[in-house]
Amino acid sequence: MFPTTIAGSLPKPGWLAETHKLWPRWKAEGEALQEAKADATLLWIKMQEDAGLDVLTDGEQSRQHFVHGFLEQVEGIDFAHKVEMGIRNDRYKAMVPQVVGPLRLKGRVHAAEARLARAHTQRKLKFTLPGPMTIVDTVADRFYGDRVKLAHAFAELLNQEARALEADGVDVIQFDEPAFNVYMKEAAEWGVQALERAVQGLTCTTAVHICYGYGIQANNDWKKSLGEQWRQYEQVFPALAASSIRQVSLECIHSHVPPELMALLKGKDVLVGVIDVASDVVETPQEVADTIGRALQFVPRERLFACTNCGMAPMDREVALKKLEALARGAALAREKYGR
Ligand code: ZN
């Protein structure tokens, strides 16, 4: 009951990359960088196991950013000439690569870290990929000229990599779609469809993570503008409930999401955010258990997973580690409290 997992990313150690940044610069290059990424991956596998988590990730230690890490292996993308673009409906500016030709994978994207992680843990392994709609919102398109077409082109490539990850022994493949909370109408109209293309033929567990973004200033300011009740999920969840995606990861603790919206995800596993990634204050096990208790009013207990609200990449490493421990202890306490 109440298996624990995280949204995906974890802070990079100071010897691997700049700390406390969303787009950190690597501290090494070439072979030394590959070795450092592998070491950091193993470190976090061990830390997640020690904290007591059930479904582990590679902590996204091998990618600079959750979207651009994938794009680096895609032909048809010009990384040499990045342009500044307002992303997530102009919430913040980012330097993004340009789509300049037909998209094709140059080869495997995440084979090294997936196989490494698989070889070093017996626990379930989850692997995260950016969702098609969020990718479309994080590149400058100079070729396709149509967001839906571009999303499907990316979805095909994601599917190719996802099938390979499944063959590598990954148990869960999760697509991150923060853009679903920004373009709700489009998400319901074609975002979920593009996602279906990305999971086509997979037999492993599939998941989607939808959030209000990392705990960075631009996102914190945006959240303040969203009013008393955040009802973005209400527009997208019915389309997801009707989809083949099995798990939905969402924000809960300290958010203004009305918890009853979780009831819209009938038939799905719900990964409830019980750890706030926008605050350095570590949750107590009691708080975590209380959040699980609130979610239980709307999610059957056998479908409830305890998770973080979002990725932890820009956080302080020590704080992140304490939060992983709080997550596991809180879920354990909830099992005592709400177990039969
Ligand atoms: Zn997120």
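Summary of the structure given here. (Residues numbered from 1 in each chain as written. Predicted model: local features only at pLDDT ≥ 70, side-chain atom pairs only at ≥ 80, totals over all residues.)

### Comments concerning unusual backbone geometry
In terms of backbone geometry, most residues other than glycine have negative phi values and most peptide bonds are trans. For Asn89, which is not glycine, the phi dihedral falls at a positive 60°. Here Asn89 shows up in the loop between strand E2 (74-87) and strand E3 (92-105). The residue Asp90 is not glycine, and still its phi comes out positive at about 70°. Relative to the helices and strands, Asp90 is located in the loop between E2 and E3. (Helix = DSSP H or I, 4+ residues; strand = E, 2+ residues; numbered from the N terminus.)

### Here we look at helix H5 (residues 147-167)
The end-to-end C-alpha distance of H5 is 30 Å, a good match for the 30 Å that 21 residues give at a rise of 1.5 Å each. Buried within H5 we find Leu150, Ala151, Ala153, Phe154, Ala155, Leu157, Leu158, Asn159, Glu161, Ala162, Leu165 and Glu166. The first or second residue beyond H5 is Gly169, which carries a positive phi of 100°. (Expected span 1.5 Å × (residues − 1). Buried ≥ 20, exposed ≤ 12 C-beta atoms within 10 Å, placed from the backbone.)

### Looking at the sheet that holds E2
Pairing between the strands of a sheet comes from backbone hydrogen bonds, and it takes one of two forms, parallel or antiparallel. Taken in spatial order, the 3 strands line up as E2-E3-E5 in an open sheet, and their pairing is mixed. Looking at which strands have only one partner, the edges of the open sheet turn out to be E2 and strand E5 (140-141). The pairing of E2 with E3 spans 9 bridges and is classified as antiparallel. Counterpart to Ile77 in the pairing with E3 is Val99. Lying over the sheet, H5 contacts E2, E3 and E5, oriented at roughly 75° with respect to E3. (Pairing = 2+ DSSP bridges. Contact = placed C-beta atoms within 7 Å. Axes fitted to C-alpha atoms, helices over the stretch in contact; angles between N-to-C directions.)

### Some words on the packing of helix H6 (residues 184-199) against helix H8 (residues 232-241)
The relative placement of two packed helices comes down to the angle between their axes together with the axis-to-axis distance. Across the interface, H6 lies against H8 with an axial gap of 8 Å and an inter-helix angle of 15°. Put simply, H6 runs roughly parallel to H8. Every pair of crossing elements has a handedness; the one defined by H6 and H8 is right-handed. For the pair formed by H6 and H8, the contact residues are Met184, Lys185, Ala187, Ala188 and Val192 on the first element and Gln232, Gln235, Val236, Ala239 and Leu240 on the second. Class assignment for the residues of the contact of H6 with H8 results in 7 nonpolar, 2 polar and 1 charged. (Parallel < 35°, antiparallel > 145°, perpendicular 65-115°, else oblique. Left-handed = near helix turned anticlockwise from the far one by under 90°. Nonpolar A, V, L, I, M, F, W, Y, C, P; charged D, E, K, R; others polar.)

### Topic: the pairing of strand E9 (residues 269-275)
The buried fraction of E9 amounts to 7 of the 7 residues, a majority that puts the element mostly inside the structure. In this sheet, strand E10 (residues 304-308) lies alongside E9 in parallel orientation, the contact comprising 5 bridges. The residue of E10 that forms the bridge with Val270 is Leu304. Crossover handedness for the path E9 to helix H9 (residues 285-295) to E10: right-handed. (Right-handed = clockwise from strand over helix to strand, strands pointing away.)

### Remarks on the sheet that holds strand E4 (residues 124-130)
In spatial order, the strands read E1-E4-E6-E7-E8-E9-E10; together these 7 strands make up an open sheet with parallel pairing. Of all strands in the sheet, those bounded by a partner on one side alone are strand E1 (55-56) and E10.

### Some points on the environment of Ala112
Secondary-structure assignment places Ala112 in helix H3 (residues 111-119). For Ala112, a count of 16 C-beta atoms within 10 Å translates into the label partly exposed. Measuring from C-alpha to C-alpha, the distance between Ala112 and Gln34 comes to 9.3 Å, with 78 residues separating the pair along the chain.

### Some points on the nonpolar core
Ranked by size, the top nonpolar core spans 102 residues in total, and within it Val270, Val272, Val274, Ile292 and Ala306 carry the most contacts. With 9 residues, H5 is the single largest residue contributor to this core. (Core = buried A, V, L, I, M, F, W, Y, C linked by C-beta atoms within 7 Å.)

In short, geometric facts, not functional conclusions.
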